[in-house]
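Chains, contacts and geometry: an overview
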Amino acid sequence: MPHEKKSLTAILGPTNTGKTHLAVERMCAHSSGMIGFPLRLLAREIYDRVVAIKGVNQVALITGEERIEPPQARWYCCTVESMPIQRDFAFVAVDEAQLGSDPERGHIFTDRILHARGREETMILGSESLRPLIRMLLPEAEIISRPRFSTLSYAGAKKLSRLPKRSAIVAFSIEQVYAVAETLRRMRGGAAVVMGALSPRTRNAQVAMFQSGEVDYLVATDAIGMGLNLDVSHVAFASLSKFDGARKRRLTVAEMAQIAGRAGRHQRDGSFGTLAGEGNEFSPEEVLAIENHEFPRLDWLYWRDAAPRLDSVATLIADLEAKPDLPGLKAAPKAIDLAVLKRLSEIPEVVALIRHPLDVGRLWEVASLPDFRQMGEEHHSRFVASLWHHLGQGERVIPQSLFATELARLDNIQGDVDTLSARIAGVRTWTYIAHRVDWLANPAAMAERARALEAKLSDALHDALRQRFVDKRTAMLLRRAGADAALFPVEVNAANRVLVDGEDIGTLHGFSFRVDPGAKAGDRKLLLAAAERHLAGLLRQKARDVAMAEDSDFALAGDSDGKPAILWKGELLGHLTKGRSLMQPIFAPVKAVAGLEGDALREIIGRAEQWVESQLAKAMGGIVGLQMLAQQADIDGNVRALAVQLADAGGIAGRHYLADAIAALPKEARGAARKGGIVFGALDIYHHAALKPAAAKWRAALFAARDGRSMPALPPESAVHLKEWKFAHPGEARNAGYRRVGNEYVRIDLAERVIKKAHEARGQSNSFSMDMAFATSLGLSDAGLKALMRDAGFRPLDAPAEKAETKAEEGVVAPETIAAEAGNQGIANPDQAEGDIVALENRPDVEVPPTAVAQPVNLTHWRWVGLPKPRPQEQRSQRTGPTRSKSKDASKKKAMPDRAPAKPKEVSPPSALALQLAALKGLKL
């Protein structure tokens with residue numbers, strides 16, 4: 001067993017003893033040196049440290065996937081597998097030498113312990129459990145024990161939510177790492193993630209987040225146990241079992257101690273424990289052993305011939321499977337490289353390319369390609385065989401086109417964490433291939449392309465990990481939850497996003513804060529609490545802005561449910577609800593506004609009520625005028641009563657609704673009513689200002705507030721005729737200023753004008769013809785016109801009829817009786833109807849569509865039958881009444897006619913309105 005007579009030292013002890021730091025110092029003190037590390041991540045970390053001391057041109061980094069080797073390099077940081085032990089160095093060290101007992105990689109560490117030597121000094125760094133084997137295998141070595149600088153103590157089981165800051169949670173599967181990191185994101189704002197499969201660039205970026213304090217937690221695999229230097233105060237085990245490639249087993253005490261020892265830094269104490277609720281607990285014996293650093297001694301190290309014969313594939317396999325002849329060594333289990341070699345030896349196409357021992361050596365190099373993608377023996381063997389097809393014949397290099405194609409296939413930064421990790425694993429395979437100088441025609445260029453792609457994917461993976469497992473907003477709010485909220489700047493940007501110290505926590509809509517939709521359910525309570533804490537001052541200022549706002553900043557509109565709402569600059573302040581009267585609605589602030597305190601709430605309510613009052617006075621001038629008319633003591637009481645009823649109806653009512661008030665109205669008092677703005681139509685009574693668009697909008701809002709329902713959609717302001725529009729009920733149409741005629745709607749004032757023209761055309765006759773060009777200009781269809789005329793007491797005729805006296809039908813007011821009954825019944829006769837309607841022609845506020853010029857005359861023929869008499873109030877108030885028997889006098893009168901009965905005359909059927917009024921009167925039509 002060859003070894004130097006120079007200094008050979010074994011530095012043994014638990015973690016946090018500064019062994020690695022000592023080795024780096026000793027290497028830098030020599031003219032050249034090399035250290036072999038168990039992980040490429042650790043090799044990269046030490047490389048960066050040595051570069052800071054010696055300069056970038058003096059330090060080399062060699063791992064399976066990364067090779068930085070300046071020509072003048074004298075100090076090398078390598079993974080154990082990549083150590084160029086054939087070169088001469090003044091100093092050589094092997095870190096974590098106890099990994100010689102690892103079934104997969106142990107034989108590599110054993111070989112380095114036995115054969116890697118420095119010209120002047122050699123160091124073996126490892127656990128105290130290695131002491132008996134060092135004594136046995138290297139009796140000349142000086143063994144130095146290094147005590148731990150700080151105390152490591154057991155802290156028991158803790159819930160994830162109770163873990164102290166600067167904790168590392170160790171899991172043993174990717175799924176468990178992700179689950180813990182997701183939970184920490186929701187509860188503590190996130191965590192950094194460190195796994196052996198990460199590229200050095202991604203790992204360094206994740207560790208930097210933890211070291212800088214951006215996140216307070218680290219979730220890792222057992223990779224952190226291999227010497228990674230982190231600022232960890234507590235290590236929590238998510239599990240005490242792991243799958244070792246063959247079976248799931250409980251960690252050994254040495255493995256537990258290796259990981260737990262990451263807690264504490266230099267002379268700062270650390271603690272370890274488990275996650276509560278996971279069903280894993282340390283036994284008392286395990287706790288005592290870890291705290292006292294007392295572990296079972298290793299009985300053997302795994303060994304495999306490091307220089308097998310290459311005479312043939314069979315000889316190579318035999319040497320690799322040979323047993324050691326030294327005590328303390330044990331034949332290594334079949335590793336992945338040997339398994340792949342044996343599978344390749346069974347493929348005829350592979351064996352056919354072997355013609356020389358050099359070919360055997362080259363095949364062994366190809367079979368030793370690491371399975372970065374974790375594909376397993378079968379799939380990895382097929383991949384290696386495809387490479388051997390190029391490396392074993394022809395130019396004996398992998399075509400550059402194949403290399404470029406594979407990199408191009410992997411060049412995609414889209415995807416989740418697992419997808420990006422898989423792509424990086426694929427790139428690592430081709431990076432390893434590029435570092436084999438005799439496998440490619442232009443390895444340097446290909447290696448550079450592979451490194452660039454790995455860096456690109458690594459950055460994307462870091463962003464994906466950060467996005468998935470880190471919530472800066474939650475972390476910031478949690479760290480500052482106990483601080484003075486007034487110390488942190490609060491800003492609402494142009495998009496109404498609320499920023500607390502630069503972190504977006506949600507959106508401010510009016511006075512209502514809405515959590516960011518992207519926030520997870522577990523974060524909502526935290527963000528709402530943060531908004532309440534940080535937005536108080538801003539909302540008080542906003543309330544003052546409302547109080548000082550111009551009228552133009554406010555608006556009336558339906559909210560998302562159609563309820564009448566008051567808006568300020570498009571933001572919801574509150575709703576109109578039922579008040580003491582139609583014109584006195586109550587302003588009810590929304591929950592967000594009602595949650596304000598003191599003066600802020602009073603200022604908003606006062607300003608909103610002031611605006612509503614001013615708008616009602618402006619838009620609802622018609623009702624205000626009616627209310628003023630009702631209060632004038634010098635006006636006839638019947639006029640005042642009519643004004644009150646019409647005001648309660650919103651300024652518009654059907655004539656039949658006000659039948660009693662009109663019947664009680666003296667003829668000489670009508671002038672005062674008209675002077676007060678009341679228009680007496682044949683079908684509707686209204687105030688002339690009640691048909692304006694603004695009045696229609698506010699009337700819809702007032703009735704919706706009074707009845708607790710949604711505001712109806714209103715037709716366009718310029719519309720005079722609606723053919724496709726649908727109102728929910730006649731009340732909505734009347735409030736909007738329209739009358740239903742058949743399946744259509746026409747504006748009330750224009751409907752009255754059509755009726756007026758009909759009365760003008762008939763004069764004193766009952767049958768007449770008239771030109772309906774005006775009605776046609778409104779857009780009324782024939783069916784709509786007939787329905788309107790029927791409601792007004794007209795019936796269509798097929799042809800002109802000679803003027804004849806007609807007898808009043810039962811329940812219908814005949815023309816010759818209208819004048820006699822007008823005074824006491826309030827029913828419009830021709831003169832009276834014309835007198836009430838003629839005022840429409842000259843009113844400046846009534847819009848009348850211009851009559852089409854030079855339209856052809858469209859004569860229609862009608863017969864006036866009169867309007868039905870209204871029933872007395874006491875009959876209209878009864879839904880049904882008992883059938884009265886006919887009196888004897890009436891029977892006798894009917895039995896003794898004074899003249900022969902006239903032949904019944906065919907008449908058109910009564911209109912719907914006539915039937916309704918007749919039913920209320922108790923008459924039959």
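The present account deals with the structure reproduced in this document.

Cut-offs applied
- Residues numbered from 1 in each chain as written.
- Predicted model: local features only at pLDDT ≥ 70, side-chain atom pairs only at ≥ 80, totals over all residues.
- Heavy atoms only, no water.
- Helix = DSSP H or I, 4+ residues; strand = E, 2+ residues; numbered from the N terminus.
- Buried < 20%, exposed > 50% of the residue type's maximum accessible area, 1.4 Å probe, protein only.
- Contact = heavy atoms within 4.5 Å.
- Areas by Shrake-Rupley, 256 points an atom, 1.4 Å probe, with all protein chains shown as cover.
- Phe/Tyr/Trp six-rings, centres within 6.5 Å; stacked < 30°, edge-to-face > 60°.
- Lys NZ or Arg CZ within 6 Å of the ring centre and 35° of its normal.
- Pairing = 2+ DSSP bridges.
- Axes fitted to C-alpha atoms, helices over the stretch in contact; angles between N-to-C directions.
- Disulfide = S-S within 2.5 Å.
- Core = buried A, V, L, I, M, F, W, Y, C linked by side-chain atoms within 4.5 Å.
- Expected span 1.5 Å × (residues − 1).
- Salt bridge = Lys/Arg side-chain N within 4 Å of Asp/Glu carboxyl O.
- Parallel < 35°, antiparallel > 145°, perpendicular 65-115°, else oblique.
- Left-handed = near helix turned anticlockwise from the far one by under 90°.
- Nonpolar A, V, L, I, M, F, W, Y, C, P; charged D, E, K, R; others polar.

**Examining the overall build of the chain**
For the chain, the count of helices and strands is 35 helices and 35 strands. The buried share of the chain, reckoned over its 925 residues, is 51%. For the chain, restricting intrachain contacts to residue pairs at least 6 apart in sequence, the fraction spanning at least 24 positions comes to 70%. Element-wise, carbon and sulfur atoms account for 52% of the exposed surface of the chain, whose accessible area totals about 43300 Å².

**As for the packing of aromatic side chains**
What the rule picks out here adds up to 16 aromatic pairs. An angle of 80° between the planes, with centres 5.4 Å apart, marks the rings of F403 and W430 as edge-to-face. Placement of the pair is F403 in helix α14 (residues 400-410) and W430 in helix α15 (residues 417-434), with a sequence separation of 27 residues. Grouping residues by exposure puts F403 and W430 together as buried. Connected via pairs of aromatic rings, a cluster forms that spans Y154, F237, F272 and F282. Here the basic side chain of R468 rests over the ring of Y178, its NZ or CZ set 4.6 Å away from the ring centre.

**Observations regarding unusual backbone geometry**
With a phi angle near 55°, H293 is a residue other than glycine that sits in the positive phi range. Inspection of the secondary structure assignment puts H293 in the loop between α8 (284-292) and β17 (301-303). Despite not being glycine, K569 shows a phi value in the positive range, around 50°.

**Description of the sheet that holds strand β31 (residues 738-741)**
Taken in spatial order, the 3 strands make up an open sheet running β30-β32-β31, and their pairing is antiparallel. The open sheet is flanked by β30 (721-722) and β31, the only strands paired with a single partner. As judged from the 4 bridges shared by β31 and strand β32 (residues 744-747), these two strands associate in the antiparallel manner. Along β32, the bridge assignment pairs R739 with V746. In the packing of helix α28 (residues 748-762) onto the sheet, the strands contacted are β31 and β32, and the crossing angle to β32 comes to about 90°.

**Focus on the state of the cysteines**
What the rule picks out here adds up to 0 disulfides. Free cysteine C77: the closest other cysteine sulfur is in C78, separated by 7.0 Å. Judged by relative accessible area, which is 0%, C78 ranks as buried.

**Overview of the side chain of N735**
If you trace the backbone, N735 turns up in helix α27 (residues 730-736). If we skip the residues at most four places from it in the chain, N735 touches A649, A696, R699 and F703.

**Thoughts on the nonpolar core**
Of all hydrophobic cores here, the largest spans 65 residues; its most connected members are I169, L184, L341, L344, L387, F403 and W430. The element contributing the most residues to this core is helix α16 (residues 443-469), with 10 residues. The contacts of W430, once residues within four sequence positions are left out, are F383, L387, I398, L402, F403, E406, L407 and L410. Membership of the second largest hydrophobic core comes to 58 residues, among which are W611, L629, A630 and A669.

**Structural notes on the sheet that holds strand β12 (residues 217-220)**
Sheet architecture is open: 6 strands sit in the order β9-β16-β13-β10-β12-β11, paired in parallel fashion. Strands at the two margins of the open sheet, each flanked by one partner only, are β9 (152-158) and β11 (192-194). On average, each strand axis in the sheet is inclined to that of its neighbour by 25°, with strand direction left out of account. With 4 bridges connecting them, strand β10 (residues 167-170) and strand β13 (residues 234-237) associate as parallel partners. The residue bridging I169 from the neighbouring strand is A236, located in β13. Those strands touched by helix α7 (residues 253-260) are β9, β10, β13 and β16 (270-275), and its axis lies near 140° from that of β13. Seen against the sheet, α8 touches β9 and β16 and runs at an angle of roughly 145° to β9.

**Here's the deal with helix α2 (residues 40-54)**
With 15 residues, α2 extends 20 Å from end C-alpha to end C-alpha; this agrees with the ideal 21 Å at 1.5 Å per step. Within the span of α2, buried status applies to R40, L41, L42, A43, R44, E45, I46, Y47, V50 and V51. Following α2 by one or two positions, G55 has its phi on the positive side, about 100°.

**Observations concerning the pairing of strand β29 (residues 684-687)**
Of the two faces of β29, the one holding D684 and Y686 and the one holding I685 and H687 are both buried throughout. Note: strand β27 (residues 652-654) against β29, 3 bridges, orientation antiparallel. Within β29, the position partnered with A653 by the bridge is I685. For strand β28 (residues 678-680) and β29, the ladder comprises 3 bridges, and the chain directions are antiparallel. Across the sheet, the residue bridging to V679 is Y686, located in β29. Here β28 folds back onto β29 in antiparallel fashion, the turn holding 3 residues.

**Observations concerning the pattern of salt bridges**
Going through the model one piece at a time under the given rule, you end up with 41 salt bridges. Linking R119 and E120 is a salt bridge whose minimum nitrogen-to-oxygen distance equals 4.0 Å. R119 sits in the partly exposed class, given a relative accessible area of 32%. A salt bridge links K542 to E571, with the nearest nitrogen and oxygen atoms 3.1 Å apart.

**Observations concerning helix α13 (residues 377-391)**
In this model, α13 (15 residues) spans 20 Å end to end at C-alpha, consistent with the 21 Å of a helix rising 1.5 Å per residue. For α13, the set of buried residues is H380, S381, F383, V384, A385, L387, W388 and L391. For α13, the elements touching its buried residues are α10 (336-344), α11 (348-351), α12 (357-367) and α15.

**Some details on the environment of E550**
If you trace the backbone, E550 turns up in the loop between α19 (536-547) and β23 (554-558). Residue classification places E550 among the exposed residues on the basis of a relative accessible area of 54%. Each C-alpha atom, one on E550 and one on R607, is 10.0 Å from the other, the two residues being 57 residues apart in sequence.

**Quick word on the environment of Y745**
Along the chain, Y745 falls in strand β32. Taking the C-alpha atoms as reference, Y745 lies 8.3 Å from G784; in sequence the two are 39 residues apart. Excluding residues that lie within four positions of it along the chain, Y745 makes contacts with V720, H721, L722, W725, F727, A733, Y738, R739 and R740.

**Quick notes on the packing of α15 against α16**
Two elements in contact, α15 and α16, have axes whose closest approach is 9 Å; the angle formed by their N-to-C orientations is 160°. Classed by the angle they form, the pair α15 and α16 counts as roughly antiparallel. Between α15 and α16 lies a crossing whose hand is left-handed.

**Digging into the packing of α19 against helix α21 (residues 599-619)**
Across the interface, α19 lies against α21 with an axial gap of 8 Å and an inter-helix angle of 25°. It follows from the interaxial angle that α19 and α21 lie roughly parallel. Crossing geometry of α19 relative to α21 is assigned as left-handed. Note on element contacts: α21 touches α19 through A600, E603, I604 and R607, opposite A543, R544, V546 and A547. Looking at side-chain class alone, the contact of α19 with α21 contains 5 nonpolar, no polar and 3 charged residues.

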